[in-house]
Amino acid sequence: MKNDPARWVTKVIEKFNTTSDNSLMNPQNEPAWDKPLVGFANGNDPLWDEYKRHIGDFYWTPHEIFELTFPSLSVKPDELTVISWILPQTKQTRLDQRKENSLPSERWARSRKYGEEYNMKLRLHLVKSFNDEGIKACAPLLSPLWKQMVSTSCGLASTWSERHAAYTAGLGTFGLCDGLITPLGKAVRCGSVIARIAIKATERPYEDPHAYCLYHSEGTCGKCILRCPADAITREGHDKNKCQQYVHGVAHEFIKSKFGFDAYGCGLCQVEVPCESGIPGKKGIDNG
Ligand code: SF4
Ligand code: SF4
């Protein structure tokens with residue numbers, strides 16, 4: 001751990017991913033997620049303040065939520081590292097979801113429910129693993145203070161965004177549909193933990209927040225527009241209200257009645273698009 005904390009953290013996350021907790025909870029007990037990708041960002045990165053300016057004063061910097069979690073500690077922002085991870089959908093889940101045009105496939109809906117429950121456990125597991133090493137850590141999404149908000153500039157928002165943490169940690173850039181396009185594609189979920197530990201920040205191989213999106217970078221593609229059953233994506237971007245109405249309305253009712261469990265999910269814009277399983281235009285992408 002002491003010699004190579006980045007490797008230690010990555011191994012903790014990868015190992016947990018191989019446990020039975022990573023499950024779609026279907027009769028076959030298939031894993032919810034493939035092998036994760038991990039990145040690191042410094043607590044002093046200027047982007048955190050930029051998000052606060054752009055999204056709203058309610059948006060936390062890593063230092064703010066760390067101090068809210070540990071009020072008796074005196075910590076400087078640059079003593080903190082944000083550990084961010086990407087959990088990619090399995091190939092089978094992507095293949096199932098590709099066949100759908102208006103409502104999510106069962107595997108996809110399961111990944112939104114049981115896969116996200118696993119993601120919560122992973123946050124907890126990483127915090128505990130740090131604690132076992134005598135290192136203070138917190139997961140913003142596990143904080144009772146985390147909440148959804150409405151931003152005057154961005155609409156629906158929250159006090160901490162896993163995708164913004166992943167962007168800061170060099171793991172991907174935003175697409176036209178607001179999803180994060182990562183080296184493992186856009187059919188992913190993200191998570192993060194903040195720890196009082198020094199880990200070298202992952203290089204951000206981009207400056208433009210939309211660098212990997214073909215529409216933004218080349219003026220082409222726009223395939224996610226056609227995939228959306230709610231007309232929530234246009235050339236102007238992603239209408240979060242329309243998307244949420246669909247996800248919390250039609251899609252929620254469908255999942256309950258068809259699959260028999262309570263979950264919110266759609267994600268049709270995340271598959272059957274060039275950014276599904278890699279950065280579009282890059283060699284070596286497995287879109288199969
Ligand atoms: S489908 Fe095309 S336009 Fe939409 S996010 Fe992906 S690359 Fe961008
Ligand atoms: S999640 Fe569904 S409703 Fe929302 S933008 Fe994507 S395809 Fe449209």
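As a reminder, the structure under discussion sits directly above these lines.
Residues numbered from 1 in each chain as written. Chains lettered and ligands numbered in written order. Predicted model: local features only at pLDDT ≥ 70, side-chain atom pairs only at ≥ 80, totals over all residues.

A. The pairing of strand β5 (residues 155–158), seen in detail. Judged from the four bridges that link them, strand β4 (residues 148–151) and β5 form a sheet pairing that is antiparallel. Bridging across to β5, S151 finds its partner in G155. In textbook terms, the turn of a hairpin is the stretch between consecutive antiparallel strands, and for β4 and β5 this stretch comprises three residues. (Pairing = 2+ DSSP bridges. Helix = DSSP H or I, 4+ residues; strand = E, 2+ residues; numbered from the N terminus.)

B. Expanded view of the pairing of strand β2 (residues 81–88). Within β2, eight of the eight residues are buried, leaving the element largely enclosed by the surrounding structure. Burial along β2 is two-sided: the residues T81, I83, W85 and L87 and V82, S84, I86 and P88 are all buried. The pairing of strand β1 (residues 37–42) with β2 spans six bridges and is antiparallel. Counterpart to F40 in the pairing with β2 is I83. (Buried ≥ 20, exposed ≤ 12 C-beta atoms within 10 Å, placed from the backbone.)

C. Focus on the site of ligand 1. Residues in close proximity to ligand 1 total 14 residues, the closest being G175, C213, C221, C224 and C275. Every element with two or more residues in the shell around ligand 1 is listed here: α7 (214–218) and α8 (223–227). Its residues assigned to classes, the shell around ligand 1 shows 11 nonpolar, two polar and one charged. (Near = placed C-beta within 6 Å. Nonpolar A, V, L, I, M, F, W, Y, C, P; charged D, E, K, R; others polar.)

D. Fine view of unusual backbone geometry. One non-glycine residue with positive phi stands out, namely C221, at about 70 degrees. Counting through the fold element by element, C221 comes out in the loop between α7 and α8. Overall, the presence of 19 C-beta atoms within 10 Å leaves C221 in the partly exposed class. For D231, which is not glycine, the phi dihedral falls at a positive 55 degrees. Residue placement: D231 occurs in the loop between α8 and β9 (233–234). Residue class for D231 comes out exposed when judged on the 11 C-beta atoms lying within 10 Å of it.

E. Representation of helix α2 (residues 46–55) in the model. Along α2, the residues that are buried comprise W48, Y51 and I55. Angularly, the buried residues of α2 cover 55 degrees about the axis, an arc narrow enough to put them on a single face. Facing away from the buried side of α2 by more than 90 degrees, the exposed set consists of P46, E50 and R53. Residues of α2 that are buried sit in contact with α3 (62–69), β4, β5 and α6 (162–168). Once α2 ends, the next one or two residues include G56, with phi positive near 150 degrees. (Arc of directions from axis to C-beta. Contact = placed C-beta atoms within 7 Å.)

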